Structure formats: C-alpha cells, structure tokens
Amino acid sequence: VVEVGRYLFAVSTLRNAVREGARYAIVRPRDENGIVQRVRQTVAGIDSAAVSVQVTFVPPSRSSGSLVTVTATYPYQSVLGIFRRPITVAATMRVP
C-alpha cells in the first residue's frame, strides 16, 4: 500500500512539473534551458537530477500558435527494489 502511494505521488509530482514547464514555455518559448530548469525545480520529493526532460515545438518555429509539449521521464524504483518502472508524463499547451 505504501509503495502504491509513493508511485502515485511521483506521477502526480511529475504531472505538476510538466504543466509548470509548459506554462513557462508559452511565455518564454526560446528559453529551452529555462523550461528544463523549471520542470526540475518544480519536482518535490523525488530526485530532480534523475528526471529527463524533453521539449518539443510543433511547428519548430516557436512562434504564436505553435504547440509545445513538455515530457518528463523518471526511473521509479520501489523502496524494496521489487518494482522498477519508468514514469513518463507530458503536457501540451499553445503559444499565445
């Protein structure tokens, strides 16, 4: 039961972090390092250094109307070591 709670906490934390990264991206679409940093600063309770972040713009011009997708992956491992699974979440928003 505790392991399920930890897993769901990690999923929720990552979802929040990618939403924050996407919000940052629509305001500052050319600051890719800032977008990645925003995601890593927002995760709490998990190892931010282990979080892999990918930022994708469609079209890649990053202009008004472009869609930005921020994806984060975290290699979750249970405390007992019996359960390992990467968690991948994404958020998509439109550049105003």
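Here, the structure is the one placed above.
Okay, so let's go over this structure.

## Some points on the overall build of the protein chain
Right, on to step 1. Assigned secondary structure in the protein chain consists of two helices and three strands.
Right, on to step 2. Sequence-ordered secondary structure for the protein chain, helices as α and strands as β, is α-α-β-β-β.
Right, on to step 3. On the principal axes, the C-alpha backbone points of the protein chain span a range of 45 × 20 × 15 Å.
Right, on to step 4. Across the 96 residues in the protein chain, those meeting the buried criterion constitute 38%.
Right, on to step 5. Entry remark: accessible area of the protein chain is about 5700 Å², with carbon and sulfur atoms responsible for 54%.

## Comments concerning the environment of P96
Right, on to step 1. Inspection of the secondary structure assignment puts P96 in the segment after strand 3 (84-94).
Right, on to step 2. Put simply, P96 and S66 are 30 residues apart on the chain and 8.1 Å apart in space, counted from C-alpha to C-alpha.
Right, on to step 3. If sequence neighbours within four positions are ignored, P96 has contacts with I26, S64 and G65.

## Structural notes on the pattern of salt bridges
Right, on to step 1. In total, this model carries four salt bridges according to the counting rule given.
Right, on to step 2. Residue E3 is joined to R6 by a salt bridge in which the shortest nitrogen-to-oxygen separation is 3.3 Å. Taken as a pair, E3 and R6 lie in helix 1 (residues 2-27) at a separation of three residues, close to a single helical turn.
Right, on to step 3. The shortest N-O distance in the salt bridge between R23 and E20 comes to 2.7 Å. Here the residue R23 and the residue E20 both occupy positions in helix 1, the gap between them amounting to three residues, near one helical turn.
Right, on to step 4. Exposure remark for R23: the relative accessible area of 37% places this residue in the partly exposed category.
Right, on to step 5. Overlapping salt bridges bring together E20, R23 and R38 as one network.

## What about unusual backbone geometry?
Right, on to step 1. Omega for the bond connecting V58 with P59 falls within 30 degrees of zero, at -10°, which places this linkage in the cis form.
Right, on to step 2. Topologically, P59 is positioned in the loop between strand 1 (52-58) and strand 2 (67-77).
Right, on to step 3. At R62, a position not held by glycine, the phi torsion is positive, near 60°.
Right, on to step 4. For R62, a relative accessible area of 18% gives the class buried.

Scoring rules and cut-offs
Residues numbered from 1 in each chain as written. Predicted model: local features only at pLDDT ≥ 70, side-chain atom pairs only at ≥ 80, totals over all residues. Heavy atoms only, no water. Helix = DSSP H or I, 4+ residues; strand = E, 2+ residues; numbered from the N terminus. Buried < 20%, exposed > 50% of the residue type's maximum accessible area, 1.4 Å probe, protein only. Areas by Shrake-Rupley, 256 points an atom, 1.4 Å probe, with all protein chains shown as cover. Contact = heavy atoms within 4.5 Å. Salt bridge = Lys/Arg side-chain N within 4 Å of Asp/Glu carboxyl O.

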